[in-house]
Amino acid sequence: MAQVKKSSFFRNIMLFLAILGPGIITGSVDNDAGGITTYSVAGAHYGYSLLWTLIPAFIALIVVQEMNARMGIVTGKGLADLIRENAGVKITFFIFIGLLIADIGNTTTEFAGVAGSMQVFGVSKYIAVPIVAVAVWFLVVKGTYRMAEKIFLIFSVFLLSYVISAILGKPNWGAIGTSLIHPDIEFNFDYITMVIGLIGTTIAPWMQFYMQSAVIEKGLKIEDYKFTMWDVIIGSIATVVVAFFIVVACASTLHVNGVTIEEAKDAALALQPFAGTFASQVFAFGLFVASVFSATILPIATAFYVCEAFGFEAGIDKKWNEAPQFYTLYTIILIISVGIILIPNAPLILISLWSQVLNGVLLPVVLICMMLLINNKEIMGEHTNKLFNNIVGWTTTILLIGLTIALLIGSLM
């Protein structure tokens, strides 16, 4: 009996390792250059006071990603595909124009992260950015999904370097605990903008499309669901842990010394006097890894959902002649993003922060579509949402709509 249980345990472990990937990769890519910039600015400007946002974001992230995985497994279709089939081509077109603009801004931000992190090590952006862009392009166009997934999982592990930077900053754990339990919430334009930016980068619209497409491309079935759920949970934990330590690293060094920053590169450079050269270089290395990682995934996700929405073939495992629209769009997004970065004095900070805010504005639209789809019995059968998923999903959507309206009113006033 014990031998059977042991055999079953190891079989489950092997199955989990085989299924491992979409949840962890999607969560890790979420901590991209734009996200790191947003977390860094939040820590430097507000100290520990915005850490509370990571708790509801964590719960919402698990619920939202689980819904994506379940929809992909049950329907075998991507989210964009389902939106087009149920909302019509016109509505789909306008939704995806907004998402495409946001994702070009996000991809530009990733290459800004490559440029900024390499500047810390003394490498010019005119050398670093084109080399990374060509490497990323070859990985996607000439590689396979299985090979790319292995590389992405390795990248995910490197993001834990931010834990080192935070610990070297000698944070005040008592103040961190107080900020989490009794947050000091402000009601002004800048604070609300930062909250939307934090939630927008923790639960980004493009993630929902990539997660569902990755589940389909991996060929997961309903019998794999419990392992996929663990993949989602681990990915969500990794996302929030990295975000937490980025905020802590900047709050414990920059905020307490009154240092203001505008981007993640500034944070890496500013850390040196307070936490040492090693902490500064580790922070810059984490930024570089995250930027390359996300500069690969984000255009893939965008090309995926645009092609799905309009009925074109898509997928890394397909050859160029099998999915020409997918690879052409992927290439165009890379070229536009790299071109913007290489323009002297391009407003990269504004592009970075406002692309995150645009994510926060677009997210409710995507979530409303998801909630309607996953509660449709004709689409999901017996696998529609349970009460808890609906409460969290609709609460997240309503809160984001409220925050967005508050932001728009604040900007008009």
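Check the entry above for the structure.
Calculation notes
- Residues numbered from 1 in each chain as written.
- Predicted model: local features only at pLDDT ≥ 70, side-chain atom pairs only at ≥ 80, totals over all residues.
- Heavy atoms only, no water.
- Helix = DSSP H or I, 4+ residues; strand = E, 2+ residues; numbered from the N terminus.
- Areas by Shrake-Rupley, 256 points an atom, 1.4 Å probe, with all protein chains shown as cover.
- Salt bridge = Lys/Arg side-chain N within 4 Å of Asp/Glu carboxyl O.
- Buried < 20%, exposed > 50% of the residue type's maximum accessible area, 1.4 Å probe, protein only.
- Expected span 1.5 Å × (residues − 1).
- Core = buried A, V, L, I, M, F, W, Y, C linked by side-chain atoms within 4.5 Å.
- Lys, Arg positive; Asp, Glu negative; His and termini not counted.
- Contact = heavy atoms within 4.5 Å.
- Axes fitted to C-alpha atoms, helices over the stretch in contact; angles between N-to-C directions.
- Parallel < 35°, antiparallel > 145°, perpendicular 65-115°, else oblique.
- Left-handed = near helix turned anticlockwise from the far one by under 90°.
- Nonpolar A, V, L, I, M, F, W, Y, C, P; charged D, E, K, R; others polar.
- Phe/Tyr/Trp six-rings, centres within 6.5 Å; stacked < 30°, edge-to-face > 60°.

Caption draft 1: Quick look at the overall build of the protein chain. Broken down by element type, the protein chain carries 19 helices and zero strands. Counting every atom, the protein chain has about 17200 Å² of accessible surface; 70% of that belongs to carbon and sulfur.

Caption draft 2: Structural view of the pattern of salt bridges. Throughout the structure, instances matching the rule amount to three salt bridges. Ionic pairing is found between Glu85 and Lys77, a salt bridge with its closest N-O pair at 3.1 Å. With a relative accessible area of 41%, Glu85 lands in the partly exposed category. In this structure, Arg84 engages Asp81 in a salt bridge whose closest nitrogen and oxygen atoms are separated by 3.1 Å.

Caption draft 3: How the structure looks around helix α16 (residues 324-341). Across its 18 residues, α16 extends 26 Å between first and last C-alpha, which sits within 8% of the 26 Å expected from 1.5 Å per residue. For α16, the set of buried residues is Phe326, Tyr327, Leu329, Tyr330, Thr331, Ile333, Leu334, Ser337, Val338 and Ile341.

Caption draft 4: Looking closely at the nonpolar core. In this structure, Leu50, Phe96, Phe111, Trp206, Phe209, Phe283 and Phe326 are the most contacted members of the largest nonpolar core, which totals 114 residues. Take this core: its biggest share by element is 17 residues, from helix α15 (residues 277-309). The next biggest cluster of nonpolar side chains, apart from the first, holds six residues, and it includes Ala69, Ile73, Val215 and Val232.

Caption draft 5: Local environment of the side chain of Asp103. Counting through the fold element by element, Asp103 comes out in helix α6 (residues 89-120). This buried residue, Asp103, is left without a salt bridge; Arg84 holds the nearest opposite charge, at 17 Å. If sequence neighbours within four positions are ignored, Asp103 has contacts with Trp206, Leu298, Thr302 and Tyr305.

Caption draft 6: Representation of the packing of α6 against α15 within the structure. For the pair α6 and α15, the least separation of the axes is 8 Å and the interaxial angle reads 160 degrees. Classified by the interaxial angle, the pair formed by α6 and α15 is roughly antiparallel. The element α6 and its partner α15 pack so that their crossing is left-handed. Looking at the contact of α6 with α15 residue by residue, the class counts come to 16 nonpolar, eight polar and two charged.

Caption draft 7: Representation of the environment of Trp230. Within the secondary structure, Trp230 is located in helix α13 (residues 225-253). Measuring from C-alpha to C-alpha, the distance between Trp230 and Ile62 comes to 10.0 Å, with 168 residues separating the pair along the chain.

Caption draft 8: A look at the packing of helix α5 (residues 79-87) against α6. Packing of α5 against α6 leaves a shortest axis separation of 7 Å and a crossing angle of 140 degrees. As summarised for this structure, α5 and α6 are arranged oblique, according to the angle between their axes. Here α5 contributes Ala80, Ile83, Arg84 and Ala87 to the contact with α6, which in turn contributes Val89, Ile91, Thr92 and Phe96.

Caption draft 9: Main features of the packing of aromatic side chains. Taken as a whole and assessed by the stated rule, the structure comprises seven aromatic pairs. Aromatic side chains Trp320 and Tyr327 sit 5.6 Å apart centroid to centroid with 15 degrees between the ring planes, which places their arrangement in the stacked category. Its relative accessible area of 0% is what places Tyr327 among the buried residues. One aromatic cluster is present, formed by Trp137, Phe138, Phe304, Trp320, Phe326 and Tyr327 through successive ring pairs.

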